[in-house]
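Each chain is listed here by its residues.
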Amino acid sequence: RFYEGRVPQGIIAGQMTKTNKVGYIAAFPIPEVIRGINAAFLAARSVNPDIEFEIVWVNSWYNPPVEEAAARQLAANGADIIMQHTDTPEAMKVAEELGIYAFGQASDMSAYGPNASLSASINHWGPYYVSRIGAFLDGKWESTDTWGGLGAEMLEIGPFSDNIPLRVQEQASDAIKRIRDGRLHPFTGPIRRQDGSGWLAAGETATDSDLLTMMFFVEGITG
């Protein structure tokens, strides 16, 4: 559930931006990526109603020159924080060079931008592998669907930068804890679709089916 990691990023970005513009480098327009964009935007908008997202689709999971170009384009358009759902550290390198901020994706990318890095969303497969191999060795392995996130420790949030005010760090940490405990669902209504039509009523949470088939932006995202 990569989208869970976008919540603390959105909370941080919404309060760290000076331009109110966040750039998002996106791989492919599929539900997994769209969910993350929507989760990040909703979290950012919850702390900053003036936030704007600009999204660049690069149609690749790993393409260093294209990701670098996308980061430069977003920065030139006024974004002072860059998020990504792609796998190279090029955006982090550009952010470090230009004196803006970025978040690591899939791993801690702070080595590529010691001043630029705010945090990271880190894939953490170890506990899952240990559990599944242990079940196999014990003769208890069964085929099953798995879709874990923060609560299952399959997703980890990287260290927060010292540049983030303490109150913002605490707010982001609280969101992480509440998601882990099941007390916070990133998609809780009222939420409308980008075209203004209704989606989730007040207090209603999205089902896994909703999330797995999500092919729309939420209200407030342009493009």
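Residues numbered from 1 in each chain as written. Predicted model: local features only at pLDDT ≥ 70, side-chain atom pairs only at ≥ 80, totals over all residues. Heavy atoms only, no water.

A. Main features of the overall build of the protein chain. Along the backbone of the protein chain there are seven helices and eight strands. Taken over C-alpha atoms, the radius of gyration comes to 17 Å for the protein chain, in line with the 17 Å a tight globule of 223 residues would show. Classification of the 223 residues of the protein chain by burial places 48% in the buried group. For the protein chain, the proportion of contacts with a sequence separation of at least 24, taken over those separated by at least 6, is 63%. For the protein chain, the computed accessible surface area is about 10500 Å², with 51% contributed by carbon and sulfur atoms. Taking the average place of the 17 positive charges on the side chains of the protein chain and the average place of its 27 negative ones, the gap between the two points comes to 4 Å. (Helix = DSSP H or I, 4+ residues; strand = E, 2+ residues; numbered from the N terminus. Rg over C-alpha atoms; globule rule 2.2 N^0.38 Å. Buried < 20%, exposed > 50% of the residue type's maximum accessible area, 1.4 Å probe, protein only. Contact = heavy atoms within 4.5 Å. Areas by Shrake-Rupley, 256 points an atom, 1.4 Å probe, with all protein chains shown as cover. Lys, Arg positive; Asp, Glu negative; His and termini not counted. Charge placed at Lys NZ, Arg CZ, Asp CG, Glu CD.)

B. Structural context of helix 5 (residues 126–137). Over its twelve residues, helix 5 extends 16 Å from the first C-alpha to the last, a length consistent with the 16 Å expected when each residue adds 1.5 Å. Taken from the residues just after helix 5, Gly 139 is the one with a positive phi, measuring 75 degrees. (Expected span 1.5 Å × (residues − 1).)

C. Spatial organisation of the packing of helix 1 (residues 2–16) against helix 2 (residues 31–47). Interaxial distance between helix 1 and helix 2 falls to 7 Å at its minimum, and their mutual angle equals 35 degrees. Classified by chirality, the crossing of helix 2 by helix 1 is right-handed. Residue-level inspection shows Phe 2, Tyr 3, Arg 6, Val 7, Gly 10, Ile 11, Gly 14 and Gln 15 of helix 1 in contact with helix 2, the latter providing Glu 32, Arg 35, Gly 36, Ala 39, Ala 40, Ala 43, Ala 44 and Val 47. For the contact of helix 1 with helix 2, the class distribution of residues is nine nonpolar, four polar and three charged. (Axes fitted to C-alpha atoms, helices over the stretch in contact; angles between N-to-C directions. Left-handed = near helix turned anticlockwise from the far one by under 90°. Nonpolar A, V, L, I, M, F, W, Y, C, P; charged D, E, K, R; others polar.)

D. Structural context of the packing of helix 1 against helix 6 (residues 166–181). Helix 6 packs onto helix 1 with a crossing angle of 160 degrees between their chain directions and a minimal axis gap of 9 Å. Accordingly, the angle class assigned to the pair helix 1 and helix 6 is roughly antiparallel. Crossing of helix 1 over helix 6 shows right-handed handedness. Where helix 1 approaches helix 6, its residues Glu 4, Val 7, Pro 8, Ile 11, Ile 12 and Gln 15 are matched on the opposing element by Arg 167, Val 168, Gln 171, Ala 172, Ala 175, Ile 176 and Ile 179. (Parallel < 35°, antiparallel > 145°, perpendicular 65-115°, else oblique.)

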